[in-house]
Amino acid sequence: MSGVERNGAKHCQEVLERAFEYLDGEMPDLDCEKLRAHLEECASCLAQLAEDEKLKQVIRDGCPCEEAPQTLRARILVSITEVSVTAR
């Protein structure tokens, strides 16, 4: 997460692009620290992150918790692996 700790529109854009990664707990610790430091200085990004968090909560509350069929999960994992391998 290069440069998130600095101010500027480019850095705000990067923070907002990675908001769900942060909210989902999928962001590496070092990146989380940099993102939090940015949020301490940027009220705009903090407000947007709060909105994204509310959106996730509304979706979570409104959707029944159904698990995807095992065959679908397997197909998705295969697709992710293929994309990951070909991207390198």
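The structure we're discussing is the one just above.
Here's a quick rundown of the structure. The model shown is predicted, which means the values in this text are computed figures rather than measured ones.

**Quick notes on the state of the cysteines**
A full pass over the atoms with the stated rule returns zero disulfides. Unpaired in this structure, Cys45 has its nearest cysteine sulfur neighbour in Cys12, at a distance of 3.5 Å. On the basis of relative accessible area, Cys45 is assigned to the buried category, the value being 2%.

**Concerning the pattern of salt bridges**
Taken as a whole, this structure holds five salt bridges when the rule is applied. Residue Arg18 is joined to Glu21 by a salt bridge in which the shortest nitrogen-to-oxygen separation is 2.8 Å. Exposure remark for Arg18: the relative accessible area of 16% places this residue in the buried category. Glu51 is the partner of Lys54 in a salt bridge, and the nearest nitrogen-oxygen pair spans 3.5 Å. With Lys54 and Glu51 both in helix H4 (residues 43-62) and three residues apart, this pair spans about one turn of that helix. Linked through salt bridges whose partners overlap, the residues forming this network are Arg18, Glu21 and Asp31.

The rules behind these values
Residues numbered from 1 in each chain as written. Predicted model: local features only at pLDDT ≥ 70, side-chain atom pairs only at ≥ 80, totals over all residues. Heavy atoms only, no water. Disulfide = S-S within 2.5 Å. Buried < 20%, exposed > 50% of the residue type's maximum accessible area, 1.4 Å probe, protein only. Salt bridge = Lys/Arg side-chain N within 4 Å of Asp/Glu carboxyl O. Helix = DSSP H or I, 4+ residues; strand = E, 2+ residues; numbered from the N terminus.

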